[in-house]
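Structure at a glance
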Amino acid sequence: EHLELSSGPVVIDMGTRSCRVGFSGHHSPSAEVSTLVGYQMGSEEARSEVVIGEEALLYPDSEIMDVMHNGLIINWEAAESLWKHLLEHELRVNPEDHPLLLTEPPFSPTCSREIIAEIAFEVLGTPGLFVAPQSVLSVYTHGKISALVLDMGHAATRAVPVLEGRSIAYSSKQTDVAGRCLTWYLSTLLEDMGHTLSEGMSHVVEDIKRTCCYVTTDFQSLPPPGSHTTDIFLPDGMTLTLSKELFQCPEVLFNPPPNWGDSFVSIQETVQKSLAQLPKEIMPTVCANILLCGGSSLFKGLEKRLCHELQSHLPSGTMVEVVGSALRRHAAWTGGSILASLHNFQSCWIRQDEYYEVGPCIVHQKCF
Ligand SMILES: Nc1ncnc2c1ncn2[C@@H]1O[C@H](COP(=O)(O)OP(=O)(O)OP(=O)(O)O)[C@@H](O)[C@H]1O
Ligand SMILES: [Mg+2]
């Protein structure tokens, strides 16, 4: 039984730093919005007005909610406001007209899908719903069904093996080494140079990280090959001259300072821990298909260095290939877009009538 579609499905991919939304069939999302939900305190009724995205920061009297923590949704009321905003204001559609595919981060508790279904059907009035793991969707984007996804996001980096379209939970691993701590680390490097940037300048540090930082192939030799100096002109008229800081920042991915604690494990060790728990016979397939995904995987030189680090730690003769494709930034979203537009997928939607017949637990029956 196919869902009668009046109009195309919408895909939403949630992240700690930003959420991506767009129509299925497109290869990239129509909008990317910062995961910020602010409630402006009205004079009479608290939480009178909801402000979404960067705009929330413009209201000094608004209370900003943490929608997500370490990649997982923790505030469902805020998530609901965010989804409404994405549909009604970013895409300008009526939520009742479009089936919704939502991505699910690794390590999500089972109940989170049920809550998603409750909100989608009972609050948004969605005609159809599907929830799919981000890792599996990222693998589809690359035209594969088996691989190891290394999703390097803002709050965390996760290594998730996917075998024939199914993510393997028991050998998925996570580390706190990701975009957020890199931005913080870069700001401490700048402070050490005597540049204390005011709070309003935090986006400047993130911009420097995104546009100028790079991974060296050889951190041991100083200066590393290809290192250079870059002048950065700040909005306040100052000029920053950066050189070793540009590679010291992303070096944390491979060598997190030991005093940061046990949850900050290097990315190569995170991959190795994941591989170590896989059955021997599937190791070759997975090692030859390590897919970099997420915003923090965009550093220049990352693929080469990671490949080198892995090769030197895995049994000799292991064929390692690290893929950093042009699709990596929005890999999970794009995979959702592909899946939702496939003809054979149309019978997979949870329909509204099915939801009301079975209840929220239908997500466990219909979604993989
Ligand atoms: N070109 C770039 N180079 C390095 N880092 C980047 C680049 N572009 C974005 N980032 C970083 O990537 C992070 C955001 O990545 P992404 O959108 O995958 O995370 P998220 O999905 O919001 O978070 P999470 O998956 O942890 O919940 C931010 O920390 C951002 O600074
Ligand atoms: Mg993410």
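This write-up is about the structure you can find in this document. Everything numeric in this text was worked out from a predicted model, so none of it was measured. (Residues numbered from 1 in each chain as written. Chains lettered and ligands numbered in written order. Predicted model: local features only at pLDDT ≥ 70, side-chain atom pairs only at ≥ 80, totals over all residues. Heavy atoms only, no water.)

Let us look at the sheet that holds strand β5 (residues 49-52). The three strands lie next to each other as β5-β4-β6, forming an open sheet whose pairing is antiparallel. If you trace the sheet from one side to the other, it starts and ends with β5 and β6 (62-65), each paired once. Taken over all neighbouring pairs, the strand axes of this sheet differ in orientation by 30 degrees on average, direction set aside. Bridging between strand β4 (residues 37-40) and β6 involves four bridges; their strand directions are antiparallel. Within the sheet, the bridge partner assigned to Gln40 lies in β6 and is Ser62. Against the sheet, helix α1 (residues 76-90) engages β4, β5 and β6, with an angle of about 100 degrees to β4. (Pairing = 2+ DSSP bridges. Helix = DSSP H or I, 4+ residues; strand = E, 2+ residues; numbered from the N terminus. Axes fitted to C-alpha atoms, helices over the stretch in contact; angles between N-to-C directions. Contact = heavy atoms within 4.5 Å.)

Moving on, we get to empty space enclosed by the protein. Within this structure, the stated rule accounts for two cavities of 30 Å³ or more. Pro106, Gln134, Ser135, Ser138, Val149, Asp151, Arg158 and Val160 are the residues that line the largest cavity. Mapped by element, the contributors of at least two residues to the lining of the largest cavity are α3 (134-141), β11 (147-152) and β12 (157-163). Top element by residues in the lining of the largest cavity is α3. It accounts for three residues. Class assignment of the residues belonging to the lining of the largest cavity gives a composition of three nonpolar, three polar and two charged. Lining the second largest cavity are Met14, Ile73, Trp83, Leu102, Thr103, Pro105 and Ile116. Of the residues in the lining of the second largest cavity, the class split is six nonpolar, one polar and no charged. (1 Å grid on protein atoms, 1.4 Å probe; cavity = no way out; pocket = protein on both sides within 12 Å on 5 of 7 lines; lining within 4 Å. Points joined across faces, edges and corners; volume = space filled by probe spheres on them. Nonpolar A, V, L, I, M, F, W, Y, C, P; charged D, E, K, R; others polar.)

Moving on, we get to the site of ligand 1. Close to ligand 1 lie 23 residues, the nearest being Thr16, Arg17, Arg20, His154 and Lys209. In this structure, an oxygen atom belonging to ligand 1 sits 2.7 Å away from a side-chain N or O atom of Arg20. Residue Ser296 places a main-chain N or O atom 3.2 Å away from an oxygen atom belonging to ligand 1. For ligand 1, the protein covers 94% of the area, taking 650 Å² as the surface of the free molecule. Spatially, ligand 1 is embedded in the second largest pocket. For the shell around ligand 1, the secondary-structure elements that each account for two or more residues are β2 (18-23), α4 (179-192) and α5 (202-212). Here the shell around ligand 1 is built from residues that sort into five nonpolar, 10 polar and eight charged. (Near = heavy atom within 4 Å. Polar contact = N/O pair within 3.5 Å; in protein donor to acceptor, adjacent residues only side chain to side chain. Areas by Shrake-Rupley, 256 points an atom, 1.4 Å probe, with all protein chains shown as cover. Sits in = over half its atoms within 2 Å of the grid points.)

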